[in-house]
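# Descriptive structure summary
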Amino acid sequence: MRYASITERLAGLGSGKWEIHFRGRQLRAQGKPVIELTIGEPDIAPDPRLFDACDAAMRAGRTRYSNGRGEPTLLDALATKYSRRTGREITTENILCFPGTQTALYGVMTGLVDAGDKVLVPDPHYATYEGVVRAPGAQLVPVPMRAAQGFHLQADVLEAAVTPGCRVLLLNNPHNPSGAVLSRGEIAAIGEVCRRHDLWIVSDEVYEHLTFGAEFASPFDSPELAERTVVVSSISKS
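The paragraphs below set out a description of the structure included in this document. (Residues numbered from 1 in each chain as written. Predicted model: local features only at pLDDT ≥ 70, side-chain atom pairs only at ≥ 80, totals over all residues. Heavy atoms only, no water.)

## Structural notes on the side chain of Thr-101
Inclusion rule: Helical segments are the DSSP runs of H or I of at least four residues, strand segments are the runs of E of at least two, and each set is numbered from the N terminus. The buried label applies to any residue whose accessible area, calculated with a 1.4 Å probe on protein chains only, is under 20% of its type's maximum; exposed applies above 50%, and partly exposed to all values in between. We call two residues in contact when some of their heavy atoms are within 4.5 Å.
The topology assignment puts Thr-101 in helix α5 (residues 101-112). For Thr-101, a relative accessible area of 11% puts it in the buried group. Apart from the residues lying within four places of it in its own chain, the contact partners of Thr-101 are Asp-204, Val-206, Val-232, Ser-233 and Ser-234.

Following this line, the structure appears as structure tokens:
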């Protein structure tokens, strides 16, 4: 029997990467004091009103197929949020909803890169990034970030990493796992590199509201970078 080539591209990207996480959960279950620095799973329980709203919606009949782009009220809320944040008119036509951020990253990468293309990813990076890059056949190009710079991506280091075939910068800000929050100036300098090399920017912003006092900045909020930026975000962290 023959399998699709995606199985070869993703070979070795399975549960082995999560071994330390599973081990941490085992130690915690044994009563050991463990601080998890693996997956970004908040330790704050959801607001009980969310459960009440879900229960009421399902009992009222909200159990059937949804709109493929996202529920109209959700799309309206997101359009309002990003219009306020950017100061530009963002409509529901600019938004797609997915079951989760990883699904969204997979969909976005599949739409932006082909087999043989390259995706620049600041390193260290989240464990799933290699999988979403390699799934459509692209190659992950690590861009080193150093502790001496607080794990802030440097524009000159990004510039040096760009080679023929690079199509996308996968930017995570605020950053997992380092916690670094890029400033507007740093975003602008990084964006200028992307403009010169005609790179898409996929901006993973799931930690937008967890900056601990630092000002959040996004390339999507810059009119000069908005046309080349795709924001991926989530409600699970906020």
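Once you've had a look at it, read on.
## Here we look at the pairing of strand β1 (residues 118-123)
Threshold: In this analysis, strands are considered paired if DSSP registers two or more bridges between them. By convention, a crossover is right-handed whenever its connection, traced from the first strand over the helix to the second and viewed with the strands pointing away, goes clockwise.
As judged from the six bridges shared by β1 and strand β2 (residues 139-144), these two strands associate in the parallel manner. Paired with Asp-123 across the bridge in β2 is Pro-144. What joins β1 to β2 is helix α6 (residues 129-134), and the crossover it makes is right-handed. As paired elements, β1 and strand β3 (residues 166-172) share three bridges and run parallel to each other.

## Thoughts on the sheet that holds β2
Convention followed: Helix axes are fitted to C-alpha atoms over the stretch in contact, other axes to C-alpha atoms as well, and angles between N-to-C directions run from 0 to 180 degrees.
Taken in spatial order, the five strands line up as β2-β1-β3-β4-β5 in an open sheet, and their pairing is parallel. In this open sheet, the two edge strands, each paired with only one partner strand, are β2 and β5 (229-232). Looking at each pair of strands side by side, their axes are set apart by 25° on average, direction ignored. Inspection of the sheet shows strand β4 (residues 200-204) paired to β5 by four bridges, in the parallel sense. Paired with Val-202 across the two strands is Val-230, which belongs to β5.

## Notes on the nonpolar core
Formally: Only buried Ala, Val, Leu, Ile, Met, Phe, Trp, Tyr and Cys residues count toward a nonpolar core, and they belong to the same one when joined by side-chain atoms within 4.5 Å.
Core analysis: the biggest nonpolar cluster contains 19 residues, and Leu-120, Leu-153, Leu-158, Leu-169, Leu-171, Ile-190 and Cys-194 have the highest contact counts within it. Mapped by element, the contributors of at least two residues to this core are β2, α7 (155-161), β3 and α8 (184-196). Aside from chain neighbours lying at most four places away, what touches Leu-171 is Leu-153, Leu-182, Ile-187, Ile-201, Val-202, Ser-203, Asp-204 and Pro-219. Ala-104, Val-121, Tyr-126 and Ala-138 belong to the second-largest nonpolar core, a separate cluster that totals 18 residues.

## Section: the packing of aromatic side chains
To be explicit about the condition: What counts as a ring pair is set by centres within 6.5 Å for rings of Phe, Tyr and Trp (its six-membered ring), and what kind of pair is set by the plane angle: stacked under 30 degrees, edge-to-face over 60, tilted for all other angles.
Under the defined criterion, the tally for this structure stands at two aromatic pairs. Each ring, one from Tyr-82 and one from Phe-220, has its centre 6.2 Å from the other, and the planes form 80°; the classification is edge-to-face. Residue Tyr-82 is found in helix α4 (residues 72-86), and its partner Phe-220 is found in the loop between β4 and β5; the two are separated by 138 residues along the sequence. For Tyr-82, a relative accessible area of 10% gives the class buried.

## A word on the pattern of salt bridges
Formally: By convention in these notes, a salt bridge is any Lys or Arg side-chain nitrogen within 4 Å of a carboxyl oxygen on Asp or Glu.
In total, this model carries 16 salt bridges according to the counting rule given. We note a salt bridge from Arg-85 to Glu-208, for which the minimum N-O separation is 3.3 Å. Here Glu-208 lies in the loop between β4 and β5 and Arg-85 lies in helix α4, a separation of 123 residues in the sequence. Between Glu-130 and Arg-134 there is a salt bridge, with the nearest N and O atoms lying 3.0 Å from each other. Residue Glu-130 and its partner Arg-134 are both found in helix α6; the two are separated by four residues, about one turn of the helix.

## Thoughts on unusual backbone geometry
In this model, Asn-173 is joined to Pro-174 through a cis peptide bond whose omega is -10°. Positive phi, close to 55°, is recorded for Asp-198, a residue that is not glycine. Tracing the chain through its elements places Asp-198 in the loop between α8 and β4. Classification of Asp-198 as exposed rests on a relative accessible area of 56%. A positive phi angle is found at Phe-212, which is not glycine, with a value near 50°. Secondary-structure assignment places Phe-212 in the loop between β4 and β5.

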